[in-house]
Amino acid sequence: MRKRVSKETVDLFLKEGMASFYMQVAEEFSLDVPKDSLFDCRKITVADNIMHRWFTQFEEEHGKLSGGNLSSYLCIYGPKKNGELREDEVEVQDGFIYMEKENKTMGG
């Protein structure tokens, strides 16, 4: 499922961290996020302009050479870039939100 998200949601990643970004995406998609649930970074992609915005802001704050640090972080914690998405669009797949203990997926 694809949806355009707000700029405030996009900016949450660098302001408050990836978990805050994922929580807000879930809210914008009207997905239930039960207590103790987790996010699967393999089940979410973002538009090119979102990724570009993150790198631009990160490099402005931390210097041009620090972009590699952000690349490493995103390789581990996602999301990945999806060139098929329109501006400010995010796509979540089934299993984006899951319960580790029960290995049960929900939403998406």
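Residues numbered from 1 in each chain as written. Predicted model: local features only at pLDDT ≥ 70, side-chain atom pairs only at ≥ 80, totals over all residues. Heavy atoms only, no water.

### Comments concerning the packing of aromatic side chains
The geometry of an aromatic ring pair comes down to the distance between the two centres and the angle between the two planes.
Right, on to step 1. Using the criterion set out here, one finds 8 aromatic pairs in the structure.
Right, on to step 2. Ring geometry for F21 and Y22: centres 5.9 Å apart, planes at 45°, overall tilted.
Right, on to step 3. On the basis of relative accessible area, Y22 is assigned to the buried category, the value being 4%.
Right, on to step 4. Both rings, one in F21 and one in W54, keep their centres 5.1 Å apart while their planes meet at 85°; by these two values the pair is edge-to-face. Remark: W54 occurs in helix 3 (residues 48-62) and F21 occurs in helix 2 (residues 18-28); sequence separation between them is 33 residues. Each member of the pair, F21 as well as W54, is classed as buried. (Phe/Tyr/Trp six-rings, centres within 6.5 Å; stacked < 30°, edge-to-face > 60°. Buried < 20%, exposed > 50% of the residue type's maximum accessible area, 1.4 Å probe, protein only. Helix = DSSP H or I, 4+ residues; strand = E, 2+ residues; numbered from the N terminus.)

### A look at the environment of S66
Right, on to step 1. Note that S66 resides in the loop between helix 3 and helix 4 (67-77).
Right, on to step 2. Taking the relative accessible area as the measure of exposure, S66 reaches 9% and is therefore buried.
Right, on to step 3. When the C-alpha positions of S66 and F55 are compared, they lie 9.3 Å apart, and in sequence the two are 11 residues distant.
Right, on to step 4. With residues up to four places along the chain from it excluded, the contact list for S66 reads F58 and E59. (Contact = heavy atoms within 4.5 Å.)

### Side note on the side chain of S37
Right, on to step 1. Mapped onto the fold, S37 is located in strand 2 (residues 37-39).
Right, on to step 2. Residue classification places S37 among the buried residues on the basis of a relative accessible area of 15%.
Right, on to step 3. Within the local environment of S37, its side chain forms a polar contact with the backbone oxygen of P34, the two atoms lying 2.7 Å apart.
Right, on to step 4. Discounting residues that sit within four places of it in the chain, S37 has contacts with I97, Y98 and M99. (Polar contact = N/O pair within 3.5 Å; in protein donor to acceptor, adjacent residues only side chain to side chain.)

### Description of the nonpolar core
Right, on to step 1. Counting residues in hydrophobic clusters, the biggest one holds 24 residues, and the most contacted among them are F21, W54, V90 and F96.
Right, on to step 2. For this core, the secondary structure elements donating two or more residues are helix 1 (7-16), helix 2, strand 3 (44-46), helix 3, helix 4 and strand 5 (89-92).
Right, on to step 3. Per-element tally for this core: the top contributor is helix 2, with 5 residues.
Right, on to step 4. Apart from residues no more than four positions distant in its own chain, W54 is found in contact with V10, F13, L14, F21, V46, L70, L74 and P79. (Core = buried A, V, L, I, M, F, W, Y, C linked by side-chain atoms within 4.5 Å.)

In short, geometric facts, not functional conclusions.
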